[in-house]
Amino acid sequence: MKAFTKTKYGGPEVLKLSEVEKPKVKDGQVLIRIKANSANPADWHVIRGTPYFARLSFGLFKPKHKIPGSDFAGVIEEVGSNVAGFNVGDRVFGEMLNEGVFAEFACAPAHVCAKMPANATFKEMAAVPIAGLTALQALITHGKLKKGESVLINGSSGGVGHFAIQIAKAFGGEVTAICSSKNIDFVKSIGADHAIAYDKVDIHGLDKKYDLVIDNHGNLNFSDFSRMGNRGIMVGFTTMNQMISVVSKSAFSKFPLKVFTASANTKDLGTLANLIENGKLKPHLEKEFNYKEIPQAIAYIEKMHTRGKVVMVWNETPD
């Protein structure tokens, strides 16, 4: 089968389209014919081996796993033993960061998969897993957002952010979105009640209070969280020093701040699928690449100006 492989750390140029052995399904897994992937910051961090402490998990001197890629949507071709709820022919989506899914086929644990809604395409659902799970778990699992509460979302027009706006609205939140002035109309079009342009207003001087502050961009400092929020969730960070500063200051404070990494599970993926099926959540696809252009897709999102998501398809008519 075709797959993008890497044998060393580096930029997108280290990815090579190769012929590799088709994986064999194991207990608890399903074999999926990949129809579409999406590109995530997590992918370029794995490819580059950054931050460097992450190499303790991904391989100290060279990558442990040669196929990168995390988000996928496709069709089940084989079901392993001890798998319930999935059948051959099911259209599924999910996320598997460690083993990699930039390939024609992938074996994924059933618990990181969920069935696609009937009204969604492979491209749309491939865009959902990491970004959608991060938004959902930031808002609901860790942020404990309640109906009627106000939420400030920093970094609101990107992959996680544009999902967070829609999910917060679906759960009854009042949303204020921080984005660039060019994305004001976009965030309002997907549900934001209010919008603040960071290139017009100094966000570090904002003094309004919100029930929940979510930072996807990673440029809020601890005083920003504690000044503007009753509780906070830190999703992204711009530098290691910035993250360490925020986390260390929160350790000596009573302010409830949570830093987390999203984890894939069928239940939360199912929640996202239900929101999409009911018209309450829609992935915005900024750009589509062919599978042969996966390195270019990674390079594209590394510029960090993506509105919504970037997807890659494995044939000309993936649906």
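If you're wondering where the values come from, they're calculated on a predicted model, not measured in any experiment.

Let's talk about the side chain of Ser 157
Stage number 1. Mapped onto the elements, Ser 157 comes out in the loop between strand S8 (150–154) and helix H5 (159–170).
Stage number 2. On the accessibility criterion, Ser 157 (10% relative accessible area) is buried.
Stage number 3. One polar contact links Ser 157 to Asn 183, side chain to side chain, over a distance of 3.2 Å.
Stage number 4. If we skip the residues at most four places from it in the chain, Ser 157 touches His 162, Cys 179, Asn 183, Phe 186, Val 187, Thr 306, Arg 307 and Gly 308.

Re the sheet that holds strand S12 (residues 232–234)
Stage number 1. Taking strand neighbours across the sheet as the criterion, the six strands line up as S10-S9-S8-S11-S12-S13 in an open arrangement whose pairing is parallel. One side of each edge strand has no neighbouring strand; the edge strands of this open sheet are strand S10 (194–197) and strand S13 (257–259). On average, each strand axis in the sheet is inclined to that of its neighbour by 15 degrees, with strand direction left out of account.
Stage number 2. Where S8 meets strand S9 (residues 174–179), five bridges bridge the pair, whose relative direction is parallel.

Description of the domain arrangement of the protein chain
Stage number 1. Considered domain by domain, the protein chain is made up of domain 1 (2–129 + 283–313) and domain 2 (131–260).
Stage number 2. Taking only C-alpha atoms into account, the centre of domain 1 sits 27 Å from that of domain 2.
Stage number 3. A buried area of about 1000 Å², summed over both sides, lies between domain 1 and domain 2, and 60% of it is on carbon and sulfur atoms.
Stage number 4. Inspection of the domain 1/domain 2 interface yields zero salt bridges.
Stage number 5. One can count eight residue pairs in polar contact (both at pLDDT 80 or more) joining domain 1 with domain 2.

Some remarks on the packing of aromatic side chains
Stage number 1. According to the stated counting rule, one finds three aromatic pairs in the structure shown.
Stage number 2. Consider the rings of Phe 222 and Phe 255, whose centres lie 6.0 Å apart with planes at 85 degrees: the pair is edge-to-face. In this pair, Phe 222 sits in helix H7 (residues 222–228) while Phe 255 sits in the loop between helix H8 (240–251) and S13, placing the two residues 33 residues apart along the sequence.
Stage number 3. The buried category is assigned to Phe 222, whose relative accessible area is 13%.
Stage number 4. Residues Phe 289 and Tyr 300 carry aromatic rings whose centres are separated by 6.0 Å and whose planes lie at 65 degrees to one another, so their mutual orientation is edge-to-face. Here Phe 289 is found in strand S14 (residues 285–290), whereas its partner Tyr 300 is found in helix H10 (residues 294–302), with 11 residues between them in sequence.
Stage number 5. Stacked on the ring of Phe 289, the Lys or Arg Lys 287 has its end atom at 5.5 Å from the ring centre.

Some details on the pairing of strand S15 (residues 309–313)
Stage number 1. Burial analysis of S15 places five of its five residues in the buried class, the great majority of the element.
Stage number 2. The side-chain alternation of S15 yields two buried faces, one formed by Lys 309, Val 311 and Val 313 and the other by Val 310 and Met 312.

Describing H10
For an α-helix the count is 3.6 residues per turn, leaving residues at separations of three or four pointing the same way.
Stage number 1. Turning to H10, its buried residues number three or more, namely Ile 294, Pro 295, Ala 297, Ile 298 and Ile 301. Along H10, the residues classed as buried sweep out an arc of 160 degrees about the axis, all on the same side.
Stage number 2. Two residues or fewer past H10, Met 304 is found with a positive phi of approximately 60 degrees.

Let's talk about the nonpolar core
Stage number 1. Counting residues in each nonpolar core, the largest one holds 78 residues, and the members touching the most others are Ile 32, Phe 93, Leu 139, Val 151 and Ile 167.
Stage number 2. Residue-level mapping places this core at the junction of two domains, with at least three residues from each of domain 1 (2–129 + 283–313) and domain 2 (131–260).
Stage number 3. Ile 178, Val 213, Leu 220 and Met 243 belong to the second-largest nonpolar core, a separate cluster that totals 16 residues.

Observations concerning unusual backbone geometry
Stage number 1. With a phi angle near 60 degrees, Asn 82 is a residue other than glycine that sits in the positive phi range.
Stage number 2. Position of Asn 82 relative to the elements: it lies in the loop between strand S4 (71–79) and strand S5 (91–95).
Stage number 3. At Met 304, a position not held by glycine, the phi torsion is positive, near 60 degrees.
Stage number 4. Positionally, Met 304 belongs in the loop between H10 and S15.

Conventions adopted
- Residues numbered from 1 in each chain as written.
- Predicted model: local features only at pLDDT ≥ 70, side-chain atom pairs only at ≥ 80, totals over all residues.
- Heavy atoms only, no water.
- Helix = DSSP H or I, 4+ residues; strand = E, 2+ residues; numbered from the N terminus.
- Buried < 20%, exposed > 50% of the residue type's maximum accessible area, 1.4 Å probe, protein only.
- Polar contact = N/O pair within 3.5 Å; in protein donor to acceptor, adjacent residues only side chain to side chain.
- Contact = heavy atoms within 4.5 Å.
- Pairing = 2+ DSSP bridges.
- Axes fitted to C-alpha atoms, helices over the stretch in contact; angles between N-to-C directions.
- Domains from an automatic or database assignment.
- Buried area = accessible area lost by both parts, 1.4 Å probe.
- Salt bridge = Lys/Arg side-chain N within 4 Å of Asp/Glu carboxyl O.
- Phe/Tyr/Trp six-rings, centres within 6.5 Å; stacked < 30°, edge-to-face > 60°.
- Lys NZ or Arg CZ within 6 Å of the ring centre and 35° of its normal.
- Arc of directions from axis to C-beta.
- Core = buried A, V, L, I, M, F, W, Y, C linked by side-chain atoms within 4.5 Å.

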